[in-house]
Amino acid sequence: MLLHFYKMTGAGNDFVMVDNRDLSLSSVLDRETIEALCDRRFGIGADGLIAVEPSQGKGGIVRMRYYNADGGEAEMCGNGARCFGNFAAALLHHDKTAPLPFETMAGVVTATFEKDGNVTVNLTNPHSMQLFVLNADPTVGADVHFLNTGVPHAVAFLDKLEGLDISRLGAYLRYHEAFSPKGTNANFARILSPGHIAIRTYERGVEDETLACGTGMTACALLHAVLADAPSPIQVDVAGGDTLKVGFQRTGNRFTDVTLTGPADLVFTGDIQI
């Protein structure tokens, strides 16, 4: 069959977007097909695939289904959620002066559309924070912390990010026994100034570095807030060149009202035989 798709990017984190509101694609979008579509040499090329599906009556207008480039479904994706918000708004002819709530495996997320074209999404409350999961790990060269911001993230703060072998270090943490059995995404952050950090991320499911990761930058920002007592919002520079903003309410090591603001842009549309 011929699949009509849209290619979107959120700060360099790119996605194949499809309209599956009638569920006609459910039987053909299996793991192998999604992996082929995301292949950068023989497919469209993307960090993941996102489908718009009908609401399941859990508080959203529609449902977001997110699949990593390996075809495996994941709970959430912060950059993907912003792209989903813009994409779903266009499909539904949604008035962008109003927020758009949608369902994910991690809970209901709401997209708000800023006047400058950026999109803000609220994220589910983070949980399972563990500071100093690994103390002065010799391979990473720093302490490693953990936070689940919809998906699991390990975070290490380093003095520099240039020249790091992210594929090697990321895979080391992704499969480390401390994060078994499901594994974790891995983030490496540098403090530029109080409340402003830069990060590089290795994404589980992509199994390599990506130019941005919404839940990863959120995890880094919130851990920076705890470790350095930095106030909201925190600016985050990502490898794709954009600077995004993480907002939150904090009480000790607990966070609520977490938001992520940044770009969500259409790159191109097309059709591909599957």
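One numbering rule holds for all chains: residues counted from 1, following each sequence as written. Local features are withheld for residues below a pLDDT of 70 in this predicted model, meaning they are given only at 70 or higher, and side-chain atom pairs are given and counted only at 80 or more; totals for whole chains, interfaces and linings count all residues. The side-chain figures draw on all heavy atoms in the structure; neither hydrogens nor water molecules are used.

Right, let's get into the overall build of the protein chain. Helix and strand assignments come from DSSP, with helices taken as H or I runs of at least 4 residues and strands as E runs of at least 2, each series counted from the N terminus. In terms of regular secondary structure, the protein chain is built from 4 helices and 18 strands. Note on method: radius of gyration uses C-alpha positions; expected globular size equals 2.2 Å times residues raised to 0.38. Taken over C-alpha atoms, the radius of gyration comes to 18 Å for the protein chain, in line with the 19 Å a tight globule of 274 residues would show. By principal-axis analysis of the C-alpha atoms, the protein chain measures approximately 50 × 40 × 30 Å. Only protein chains enter the calculation, and the probe is 1.4 Å; a residue is then buried if its accessible area is under 20% of its type maximum, exposed if over 50%, and partly exposed in between. When the 274 residues of the protein chain are sorted by exposure, 54% land in the buried category. Throughout, a residue-residue contact means that at least one pair of heavy atoms, one from each residue, lies within 4.5 Å. Counting contacts in the protein chain only where the partners sit at least 6 residues apart, residues at least 24 apart contribute 59% of the total. Roughly 11800 Å² of accessible area belongs to the protein chain as shown, and the carbon and sulfur atoms make up 48% of that amount. Charge counting follows a simple rule: Lys and Arg are positive, Asp and Glu are negative, and His as well as the terminal groups are ignored. By convention, the point assigned to a charge is CZ for Arg, NZ for Lys, CD for Glu and CG for Asp. Counting 21 positive and 32 negative side-chain charges, the protein chain places the centres of these two groups 3 Å from one another. Surface accessibility in these figures is a Shrake-Rupley result with a 1.4 Å probe; residues are shielded only by whichever protein chains are displayed.

Attention shifts here to the nonpolar core. For the purposes of this section, nonpolar cores are sets of buried Ala, Val, Leu, Ile, Met, Phe, Trp, Tyr and Cys residues that join through side-chain atoms within 4.5 Å. In this structure, Phe84, Phe102 and Val236 are the most contacted members of the largest nonpolar core, which totals 53 residues. Top contributing element to this core by residue count: helix α4 (residues 214-228), with 8 residues. In this structure Phe84 touches Met17, Ile50, Ala51, Val52, Val62, Arg63, Met64 and Phe102, once residues within four positions along its chain are discounted. Residues Phe146, Leu169, Ala186 and Tyr202 belong to the second largest nonpolar core, which totals 17 residues.

What follows covers the pairing of strand β6 (residues 100-104). With 4 of its 5 residues buried, β6 lies for the most part within the structure. Pairing between strands is defined by DSSP: at least two bridges between the two strands are required. With 2 bridges connecting them, strand β4 (residues 62-68) and β6 associate as parallel partners. The partner of Val62 across the bridge, within β6, is Phe102. Between the antiparallel neighbours β6 and strand β7 (residues 107-113) lie 2 residues.

Cis peptide bonds are those with omega within 30 degrees of zero, and the linkage from Ser180 to Pro181 qualifies with 5°. When you line up the elements, Pro181 lands in the loop between α3 (166-174) and β12 (185-193). Note that the residue after Ser232, namely Pro233, is joined by a cis bond; omega there is -5°. When you line up the elements, Pro233 lands in the loop between α4 and β15 (234-237). Here the phi dihedral of Ala11 falls at roughly 60°; this positive angle occurs in a residue that is not glycine. Residue placement: Ala11 occurs in the loop between β1 (2-10) and β2 (13-19). With a phi close to 50°, Asp257 is a non-glycine residue in the positive phi region. Within the secondary structure, Asp257 sits in strand β17 (residues 254-262). We classify Asp257 as exposed; its relative accessible area is 55%.

The next subject is the side chain of His153. You can see His153 is positioned in strand β11 (residues 152-157). Given a relative accessible area of 0%, His153 falls into the buried group. From its side chain, His153 meets the backbone nitrogen of Gly216 in a polar contact 3.2 Å long. Discounting chain neighbours no more than four positions away, the residues touching His153 are His145, Phe146, Leu147, Thr184, Asn185, Asn187, Cys213, Thr215, Gly216 and Ala219. Polar contacts, as used here, are pairs of N or O atoms within 3.5 Å; protein pairs need one atom able to donate a hydrogen and one able to accept it. Residues neighboring in sequence count only if both atoms are side-chain atoms.

By themselves, these figures tell us nothing about what the structure is for.
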